[in-house]
Structures are given as structure tokens and as C-alpha cells.
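Spelled out from the first residue to the last, the chains are:
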Amino acid sequence: ERRERERKLSKEMAEKASRELEKMQLQEKAKVKYKEWLKKKRAEESEKKKKEKEKEKEREAELQEKKERSEKIFKEWLHNARNKARPILNGYGYPDGNSTGLYSY
């Protein structure tokens, strides 16, 4: 009876030890998978930040180009506006702002 008990006890201890070993192995696998996941996530995040920076640079370049184009067009307009013929001020009976006498009140 005592041997039987000892055998059961040793059997239970062996099972317990094997369960503990399995548990430790599962924890190690989980740690490895977590590290791999974390590494992948960080790589994705850095790639995302890199793409965002590239988009921001493109946006800034487009804005700069648009600004330069606008300034060029404005300068051309300003140059052309100086050289354009001026409209006659106070025309239709009011040369130089004085009435010609046609419509005096």
C-alpha cells in the first residue's frame, strides 16, 4: 500500500513537472511570438511614418510650386497692368470731371 502510494505520488509529481515544463515552453513560445509581433509592428510604424514624411514633403513641394507660379503670374499681371491703356475717367459728358453742360441740374 505504501509503495502504491509512493508510486502514485511520484507519478503525480512527474505529471506536475511535465505540465510545468509544458507551461514554461508555451510561455517561451509566447514570448518569441510577441517579440516577432512587436518587431513587425515597429517596422510597420516606421514605414508608415516614412510614407507620411514623404507625403508631407510632396505637399510642401506642391505648395511651394503653386506659390511660385502665383507670384510669377501676379508679377506678369502687374507688369501688364502698368502698360495697359487707362480707361477714360468720368466719360460720357464729364471730361476731367467737369460737366459739359448737356445734363446740368
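This text follows the structure it describes.
Quick notes on the rules
- Residues numbered from 1 in each chain as written.
- Predicted model: local features only at pLDDT ≥ 70, side-chain atom pairs only at ≥ 80, totals over all residues.
- Heavy atoms only, no water.
- Helix = DSSP H or I, 4+ residues; strand = E, 2+ residues; numbered from the N terminus.
- Areas by Shrake-Rupley, 256 points an atom, 1.4 Å probe, with all protein chains shown as cover.
- Salt bridge = Lys/Arg side-chain N within 4 Å of Asp/Glu carboxyl O.
- Patch = residues over 30% accessible without salt bridge, like charges linked within 9 Å, V, L, I, M, F, W, Y side chains within 5 Å.
- Lys, Arg positive; Asp, Glu negative; His and termini not counted.
- Charge placed at Lys NZ, Arg CZ, Asp CG, Glu CD.

A. Broad picture of the overall build of the protein chain. The number of helices and strands found in the protein chain is one helix and zero strands. Carbon and sulfur atoms make up 53% of the accessible area of the protein chain, which totals about 11,500 Å².

B. Molecular detail of the pattern of salt bridges. With the rule as written, the count across this model stands at five salt bridges. We note a salt bridge from R5 to E1, for which the minimum N-O separation is 3.6 Å.

C. How the structure looks around a negative patch on the surface. There is a patch of like negative charges on the surface, built from E47, E54, E58 and E62. Tracing the backbone shows E47 in helix 1 (residues 2–83).

D. Representation of a nonpolar patch on the surface. A cluster of nonpolar side chains, F74, W77 and L78, forms an exposed patch at the surface whose accessible area comes to about 320 Å². Relative to the helices and strands, L78 resides in helix 1.

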